[in-house]
Amino acid sequence: MKTDNLHTGNCRIAVYPGTFDPITNGHIDIIRRAAPIFQKVYVTIAVNSAKQPLFSLEERLDLVRRSIEGIPGVEVSAFSGLVVDHARQVGATVIIRGLRAISDFEYEFQIALMNRKQYHLVDTVFLMPDERYTYLSSSLVKEIARHGGKVECFVPEFVETAMREKFSKETRE
Ligand code: COA
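Please read these numbers as outputs of a predicted model, since none were measured by experiment.

Participant: I would appreciate a short explanation of unusual backbone geometry in the present structure.
Facilitator: Among all residues except glycine, the phi angle is most often negative; among peptide bonds, the trans geometry is most common. Omega for the bond connecting aspartate 21 with proline 22 falls within 30 degrees of zero, at 0°, which places this linkage in the cis form. Backbone geometry places phenylalanine 20, a non-glycine residue, at a positive phi of 50°. According to the relative accessible area criterion, phenylalanine 20 is buried, its value standing at 3%.

Right under this line is the structure:
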């Protein structure tokens, strides 16, 4: 029988999955909003994302770790395969997703229902980032950085530095 997670206090552990290539201020905004709601939030990096990431898993783990420093109850983890299997492993019954615009909704709705079909105890909680970040995506930030544009209002300084290092290495090769 399905337990009513959201009303039993059984929803205290959450996972926030993504590719995080790289983590941006929009992701950090969602993490800061989620942290006080849950006992523990795992920011969990997809290892087998369909995307070809710019940063290795170790680099992304490091950038996320530095971004969540000082936010209580937040840890970084990584997963391969299905996000619901990782949720089960860490005892999470909530998947956090950011909704930046209405256009995100249809896809998210489908995935949320599919995830719940696979693991009946899991519910998806949608959080809206600050409106400053509604148009942000990791790919856009990378594109701007690759062409020498300004990204300091979109990512922490160390993420900007990491991108610049990657792109200057790319042009040297
Ligand atoms: N601020 C800024 N950018 C944000 C954001 C926010 N709050 N929320 C999302 N984005 C950006 C992301 O950076 C990403 O940008 P990109 O496409 O340029 O890289 C884009 O919006 C899409 O984000 P998201 O939908 O979270 O995709 P993702 O690639 O980061 O993560 C997974 C997708 C890994 C969570 C998902 O594919 C997954 O769970 N895979 C595992 C397999 C699985 O279980 N699938 C479910 C089957 S039902």
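Participant: Looking at this model, I keep getting lost on the pairing of strand β5 (residues 123-127). Mind explaining?
Facilitator: Strand residues, when the strand is regular, have side chains that alternate between the two faces of the sheet. Buried residues dominate β5, accounting for 4 of its 5 residues. Since strand β4 (residues 94-98) and β5 lie parallel, the crossover through helix α5 (residues 102-118) that links them has a hand, and here it is right-handed.

Participant: Would you take a moment to explain the layout of surface pockets for this structure?
Facilitator: Left-over empty space is what a probe sized like a water molecule reveals as it rolls over the atoms. By volume, the largest pocket is sized at about 1,100 Å³. Along its surface, the largest pocket is lined by 38 residues, and Pro17, Gly18, Thr19, Lys51 and Arg97 are the ones closest to its centre. Of all the secondary structure elements, the ones that give two or more residues to the lining of the largest pocket are β1 (13-18), α2 (25-34), β4, α5 and α6 (138-146). In terms of residues, the lining of the largest pocket owes the most to one element, α5, which gives 6 residues. The residue makeup of the lining of the largest pocket, split by class, is 16 nonpolar, 15 polar and 7 charged.

Participant: Would you mind showing me how to read the packing of aromatic side chains here?
Facilitator: Where two aromatic rings form a pair, the distance of their centres and the angle of their planes describe that pair. In total, this model carries 3 aromatic pairs according to the counting rule given. Geometrically, the ring pair formed by tyrosine 135 and phenylalanine 154 is edge-to-face, given 6.3 Å between the ring centres and 85° between the ring planes. Remark: phenylalanine 154 occurs in the loop between α6 and α7 (157-172) and tyrosine 135 occurs in the loop between β5 and α6; sequence separation between them is 19 residues. On the basis of relative accessible area, tyrosine 135 is assigned to the exposed category, the value being 51%. For arginine 88, the ring lying beneath its charged end belongs to tyrosine 119, and the centroid distance is 4.4 Å.

Definitions and limits used
Within every chain, residues take consecutive numbers counted from 1 along the sequence as written. Side-chain atom pairs in this predicted model are given and counted only at pLDDT of 80 or more, local residue features only at pLDDT of at least 70, and totals for whole chains, interfaces and linings cover all residues. Computation of side-chain values: all heavy atoms of the structure, hydrogens and water removed. Partly exposed residues are those whose accessible area sits between 20% and 50% of the maximum for their type, while under 20% is buried and over 50% is exposed, using a 1.4 Å probe and protein chains only. What counts as a helix is a DSSP run of H or I of at least four residues, what counts as a strand is a run of E of at least two, and both are numbered from the N terminus. Here the term right-handed applies to a crossover when the path leading from its first strand over the helix to its second strand runs clockwise, the strands being oriented away from the viewer. Cavity and pocket criteria rest on a 1 Å grid covering protein atoms alone: a 1.4 Å probe that fits but cannot get out defines a cavity, protein on both sides within 12 Å along at least 5 of 7 lines defines an open pocket, and an atom within 4 Å of a point defines a lining residue. Grid points are joined across faces, edges and corners, and a volume is the space filled by probe spheres set on the points. Note that Gly is not counted as nonpolar here; it falls among the polar residues with everything else outside the nonpolar set of Ala, Val, Leu, Ile, Met, Phe, Trp, Tyr, Cys and Pro and the charged set of Asp, Glu, Lys and Arg. Each Phe, Tyr or Trp ring (for Trp, its six-membered ring) is paired with any other whose centre lies within 6.5 Å, and the angle between the two planes then decides the class: stacked below 30 degrees, edge-to-face above 60, tilted in between. By definition, being over a ring means that NZ of Lys or CZ of Arg is both within 6 Å of the ring centre and within 35 degrees of the ring normal.

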